[in-house]
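# A look at the structure
Here are the chains, one letter per residue:
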Amino acid sequence: MQGKIALEEHWESPDFPATGSHDFTKKDWFADVQRRLREVDERVADMDRNGIGIDILSLTQPGIEGITDAGQAVDMARRMNDHAAEKLVARHPSRLRAFAALPLQAPEKAAEELERCVRDMGFVGALINGYSNIGDENTAQYLDEAPVEPFWAKVEELGVPVYLHPRIPLPNQQRIYQGYEGLLGSAWGFGQETSTHAVRLMLSGLFDRHPKVNVILGHLGEALPFTLPRLDHRLRHQRPETHGVHKQPPTYYLRNNFYVTTSGVFRSQTLLNTLLEIGSDRVLFSVDYPYESMDELAPWFDACPISDNDREKIGRTNAEKLFGLEPQNA
Ligand code: ZN
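Bear in mind the structure is a predicted one, so any value in this text is a computation, not a measurement. (Residues numbered from 1 in each chain as written. Predicted model: local features only at pLDDT ≥ 70, side-chain atom pairs only at ≥ 80, totals over all residues. Heavy atoms only, no water.)

Grouped together as the largest cluster of nonpolar side chains are 76 residues, with contacts concentrated most on Ile64, Leu114, Phe151, Trp152, Phe207 and Phe258. Element by element, the count of residues in this core is highest for helix H3 (residues 70-88), at seven residues. If near-sequence neighbours (up to four positions away) are discounted, Trp152 is found in contact with Leu143, Val162, Leu201, Leu206, His210, Val213 and Val215. The next biggest cluster of nonpolar side chains, apart from the first, holds 15 residues, and it includes Ile54, Val124, Leu127 and Phe323. (Core = buried A, V, L, I, M, F, W, Y, C linked by side-chain atoms within 4.5 Å. Buried < 20%, exposed > 50% of the residue type's maximum accessible area, 1.4 Å probe, protein only. Helix = DSSP H or I, 4+ residues; strand = E, 2+ residues; numbered from the N terminus. Contact = heavy atoms within 4.5 Å.)

Here it is, written out as structure tokens:
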């Protein structure tokens, strides 16, 4: 399939090492990933080879969210967004777009920066790497918490989606991974952290207060299409005050306020289950480059056993509608 749109596609500037520790990955592998994070022309060559028309770029994790000082986070977010616009998107304007990186340590400033990026620089939304550090490495602010409310009001006003991307669990909450540090990142811990964060958003009443907000999850929904039906069912037997102030069951929000992408998952069985749970209107193609390979993911997607109508929607037209992009000539 030609003209695919991919939207979990990461970058990093040599001015700001955004990736955090990769002690648990192989040195050669990570060196190649880091080189590609900082490269732009090679990315476009990879896209050409794999029928990808547009990459929507995002600063890699933990990025701005891992900065413990709010003032520094505000300053760095602005610098990184300027870099994305001037050095990356401007070099290949028909092939690259960008998500804003935001300083959620200061939610009002994050709302202002999102508005600047969307209105003045043509960004298509924001990608947020999980919780933000507040003051130190062991203190988190999750996106459902009260200080973040002004940010969500701005998101709804601007009508752009927010991609909730994983990051590693807080250092003081890693006991279950002790002795198995390789599980902390994308292999396992990312999914646990992000799916729980997404459930917090659902149970917080965020989508009752802001019904037009759309959140995107990678990795085919971080297992939620598989696990949420049981959550719905079990919550029916629990005291309401133990699970938030939501008006609808969690699966309602998954079907009405979330999109999921194929990033990092090239497994037809998992895609088919996701389609059975949420339908083809809310599934989007993505790779998770350069942590994943376009050469592996794109050929799987082009041949996976779904209808050609659904392949068009997931590969391109759902994203065109969600981001208001010009239709691609296939
Ligand atoms: Zn990613």
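A few words now on the coordination of the zinc ion. Note on the zinc ion: its protein donors are Glu8 (OE), His10 (NE2), His165 (NE2) and Asp288 (OD). The metal-donor distances range over 2.0 to 2.2 Å. One can describe the donor arrangement at the zinc ion as irregular, given that its four donor atoms subtend angles of 85 to 176 degrees at the metal. Between the donor residues of the zinc ion, the gaps in sequence give the motif E-x1-H-x154-H-x122-D. One end of the pair, His10, is in strand S1 (residues 4-11); the other, His165, is in strand S7 (residues 162-165), with 155 residues separating them in the sequence. Across the pair, exposure class does not vary: His10 and His165 are buried alike. (Donors = N, O, S within 2.8 Å, 3.2 Å for Na, K, Ca; no water. Tetrahedral: all angles 85-135°; square planar, octahedral: opposite > 155°, others 65-115°.)

The next point concerns the packing of helix H12 (residues 294-303) against helix H13 (residues 308-323). Relative orientation of the contacting elements H12 and H13 amounts to 145 degrees, with a least axis distance of 10 Å. Here Phe301, Asp302 and Ala303 of H12 come into contact with H13, specifically with Arg311, Ile314 and Gly315. Looking at the contact of H12 with H13 residue by residue, the classes come out as three nonpolar, one polar and two charged. (Axes fitted to C-alpha atoms, helices over the stretch in contact; angles between N-to-C directions. Nonpolar A, V, L, I, M, F, W, Y, C, P; charged D, E, K, R; others polar.)

Together, Tyr180, Leu183 and Trp188 make up a nonpolar patch on the protein surface, roughly 350 Å² of accessible area in all. By the secondary structure assignment, Trp188 is in the loop between S7 and helix H6 (189-203). A relative accessible area of 48% places Trp188 in the partly exposed class. (Patch = residues over 30% accessible without salt bridge, like charges linked within 9 Å, V, L, I, M, F, W, Y side chains within 5 Å. Areas by Shrake-Rupley, 256 points an atom, 1.4 Å probe, with all protein chains shown as cover. Salt bridge = Lys/Arg side-chain N within 4 Å of Asp/Glu carboxyl O.)

Here we come to the pattern of salt bridges. As enumerated under the stated definition, the model contains 27 salt bridges in all. The residue Arg49 makes a salt bridge to Asp46 at a minimum N-O spacing of 3.0 Å. Within this pair, Arg49 and its partner Asp46 are both found in helix H2 (residues 41-49), separated by three residues, close to a single helical turn. Under the relative-accessibility criterion, Asp46 is labelled buried at 8%. Of the charged contacts, one joins Glu115 and Lys154 as a salt bridge, the two residues approaching to 2.9 Å between their closest N and O atoms. In this pair, Glu115 sits in helix H4 (residues 107-121) while Lys154 sits in helix H5 (residues 149-158), placing the two residues 39 residues apart along the sequence. Each of Asp32, Arg35, Arg36, Glu42, Asp46, Arg49 and Asp295 takes part in salt bridges that share partners, so that together they form one network.

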